[in-house]
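What follows is each chain in one-letter form.
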Amino acid sequence: MITLAIIGVVAAMTIPVLVANYQQKTLNNQFKKAYALINQALLSTVGELGYLPQCYYRASDGYFVFISKGDACAVLRDNFFSKIKISRKCEGNAYADGCIPEYEGMDTVANANNPDKEVPEGYESYGDYESRGCVYFRKNAILNDRTVYVLSDGTIIMQYASTINIIAVDINGTKGPNKWGYDLFSFMLIFDGSRLYYGGEGCMYSEKGGVGTSAMIKRLRKNQL
């Protein structure tokens, strides 16, 4: 009986750790797959067009500056999504229409992460202030006013605005935890002078315990995922 009790205690201590490790490994593999998917679609798009559309962020004096010309962003967006197997598209009201679960937004995440922050004058909450440069990824906008694509494998891609210069990707679809920095990541379209690619971050605050897109990409490149 004592031996069985000891085995039970050890199992109670180790099984949750093993389950958590397995779940994280699964999410890591899904991140790899999603990251490869969006960058491969981007590469195929540029290759088919035969030129680099001027719709991207470019580093300048330590900041990223958005560059766009004419209809380049629309052309890039339409060709990009033609390279991906889409099972459903929601244009506005994505939550009510069942394309997405109830995600938090940059405003509600900022509020939750900073409960004691003083609210600046002119803003209803600290989250409104903190997310002022990311209004299209505030919670209300995400649930009611975003274009969302559900892929054939369940992956969800959400446009920031009308283009794909910033996108959010839920790497395992509607499955949990549906949290920023866990299975939901934002990617920014970057041109570094030689190649066009999706990197991080681009309007993203990780929920508590989560990991940012840039950190995930660094781990991926170091074979640490």
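Just above, that's the structure.
Residues numbered from 1 in each chain as written. Predicted model: local features only at pLDDT ≥ 70, side-chain atom pairs only at ≥ 80, totals over all residues. Heavy atoms only, no water.

### Quick word on the nonpolar core
Thinking step 1. In terms of nonpolar packing, the biggest core is built from 59 residues, with Phe 31, Phe 80, Ile 100, Phe 137, Trp 180, Phe 187 and Tyr 198 touching the most fellow members.
Thinking step 2. The residues contacting Phe 187, other than those within four sequence positions of it, are Phe 31, Tyr 35, Ile 38, Asn 165, Ile 166, Ile 167, Val 169, Tyr 198, Gly 199, Glu 201, Thr 213 and Ile 217. (Core = buried A, V, L, I, M, F, W, Y, C linked by side-chain atoms within 4.5 Å. Buried < 20%, exposed > 50% of the residue type's maximum accessible area, 1.4 Å probe, protein only. Contact = heavy atoms within 4.5 Å.)

### A look at helix α3 (residues 106-113)
Thinking step 1. Buried residues of α3: Met 106, Asp 107, Val 109 and Ala 110, and no others. All buried residues of α3 fall inside an arc of 165° around its axis, so they share one side.
Thinking step 2. Lining the buried residues of α3 we find α4 (126-130) and α5 (139-144). (Helix = DSSP H or I, 4+ residues; strand = E, 2+ residues; numbered from the N terminus. Arc of directions from axis to C-beta.)

### Examining the pairing of strand β5 (residues 156-159)
Thinking step 1. Along β5, one buried face is formed by Ile 156 and Met 158 and the opposite face, lined by Ile 157 and Gln 159, is buried too.
Thinking step 2. Note: strand β4 (residues 147-151) against β5, 3 bridges, orientation antiparallel. Its bridge partner being in β5, Tyr 149 is matched across the sheet by Ile 157.
Thinking step 3. Hairpin connection, β4 to β5: the antiparallel pair is bridged by 4 residues, and Gly 154 has positive phi, about 95°.
Thinking step 4. Here β5 pairs with strand β6 (residues 166-170) via 4 bridges, running antiparallel. When the sheet's bridge partners are listed, Met 158 is paired in β6 with Ala 168.
Thinking step 5. Counted between consecutive antiparallel strands, the loop separating β5 from β6 contains 6 residues. (Pairing = 2+ DSSP bridges.)

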